[in-house]
Amino acid sequence: MKQPKIKKLFKLNPKHSGRNNSGKITVRHQGGRQKRFLRTIDWKRAQLDIPAKVASIEYDPNRTADIALLVYANGLKNYILAPEDLKVGDTVLTADTTDIKPGNSCHLVNVPVGAPIHNLEIMPGKGAQMVRSAGNHAQVQSKEKDRVLVKLPSGEIRAFKPNCRVTIGSLGNRDNKHRKLGKA
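**Q** What am I meant to see in unusual backbone geometry here?
**A** Generally, phi is negative for residues other than glycine and the peptide bonds are trans, each holding for most cases. Despite not being glycine, R45 has its phi angle at roughly 50 degrees, a positive value. Mapped onto the fold, R45 is located in the loop between β2 (36-39) and β3 (52-58). A positive phi angle, close to 60 degrees, is found at N173, a residue other than glycine. Within the secondary structure layout, N173 lies in the segment after β14 (165-168).

**Q** Teacher, can you tell me more about the pairing of strand β12 (residues 148-151) here?
**A** Side-chain direction in a regular strand flips from residue to residue, so the side chains alternate between the two faces of the sheet. Summarising the sheet, strand β11 (residues 138-143) and β12 pair through four bridges and their orientation is antiparallel. Looking across to β12, one finds that K143 is bridged to V148. Note: β12 against strand β13 (residues 157-160), four bridges, orientation antiparallel. In the strand pairing of β13, V148 is matched with F160. Joining the antiparallel neighbours β12 and β13 is a turn of five residues, in which G155 adopts a positive phi near 100 degrees.

Rules used in this analysis
Residues numbered from 1 in each chain as written. Predicted model: local features only at pLDDT ≥ 70, side-chain atom pairs only at ≥ 80, totals over all residues. Heavy atoms only, no water. Helix = DSSP H or I, 4+ residues; strand = E, 2+ residues; numbered from the N terminus. Pairing = 2+ DSSP bridges.

Here's what the structure looks like:
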């Protein structure tokens, strides 16, 4: 059964038809297109210590990864990017320390070495900015007293502050890169 659309979580993605801020055409051959709605994703996961149940896992036309609709115990509804092993009916939690299972969000220092993570914050409290495309994950390499080394999907090893928030697991829709887009 399909979930009814929650209007607060959708907003219109405007068309620009190849025009810049002064109205001049800068990209040719850009005409009309299908009306698209942006799904509002909760990048900060600010509902601390409130369990949320996964109501549905949906397709999002604006990104490669699928999204999951969470219904918190206090009645709030939000979208997050759906990790690989997350299923409808699962419970996820955002806390400072939490179980290491897909969809849970915690501080980077509390993730064990070698665990796959995504939705990585660059600065604490700013919201997820890294590792957000389908099938990707980063790995915690080592922990030091004032930083945590993380291996990104590109292979780069980068240092992050220990109180940056991450989500556990690898992102779903791994076969997105094998999708045929049609003829040339």
